[in-house]
Amino acid sequence: MFPIEGPLAMDATRSLAHSALPDAPVVPDEPPRPVRSSRQRLAQTLRSLADRLEPPRCVDPALQPRPR
């Protein structure tokens, strides 16, 4: 070990330890971007395609099940 390496390593360790002090500068986190998963996009695409091929049926109240 060379004589210059000791103080350099000590300064680097000290600066790293000072970053954990309570009065250390804080960099705010960026707000997360809303990311839609590929599964959600695929489901939305398939739903819109199904609605185009066969539109939703008109619901007849007489055919709905009775509540218990």
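Structure first, text after, so check above.
Residues numbered from 1 in each chain as written. Predicted model: local features only at pLDDT ≥ 70, side-chain atom pairs only at ≥ 80, totals over all residues. Heavy atoms only, no water.

Asker: Can you walk me through the overall build of the chain in this structure?
Answerer: The helix and strand inventory of the chain stands at 2 helices and 0 strands. When the 68 residues of the chain are sorted by exposure, 1% land in the buried category. Surface summary for the chain: the accessible area is close to 7,500 Å², and the carbon and sulfur share equals 62%. (Helix = DSSP H or I, 4+ residues; strand = E, 2+ residues; numbered from the N terminus. Buried < 20%, exposed > 50% of the residue type's maximum accessible area, 1.4 Å probe, protein only. Areas by Shrake-Rupley, 256 points an atom, 1.4 Å probe, with all protein chains shown as cover.)

Asker: Help me understand the pattern of salt bridges in this model?
Answerer: Once their charged atoms are close, side chains differing in charge can pair, the charge on each being opposite to the other. Applying the stated rule across the entire model yields 1 salt bridge. The salt bridge partner of arginine 14 is aspartate 11, with a shortest N-O separation of 3.3 Å. Of this pair, arginine 14 and aspartate 11 both sit in helix 1 (residues 5-18), 3 residues apart, roughly one helical turn. A relative accessible area of 42% places arginine 14 in the partly exposed class. Among the residues examined, aspartate 11 registers a relative accessible area of 43% and is labelled partly exposed. (Salt bridge = Lys/Arg side-chain N within 4 Å of Asp/Glu carboxyl O.)

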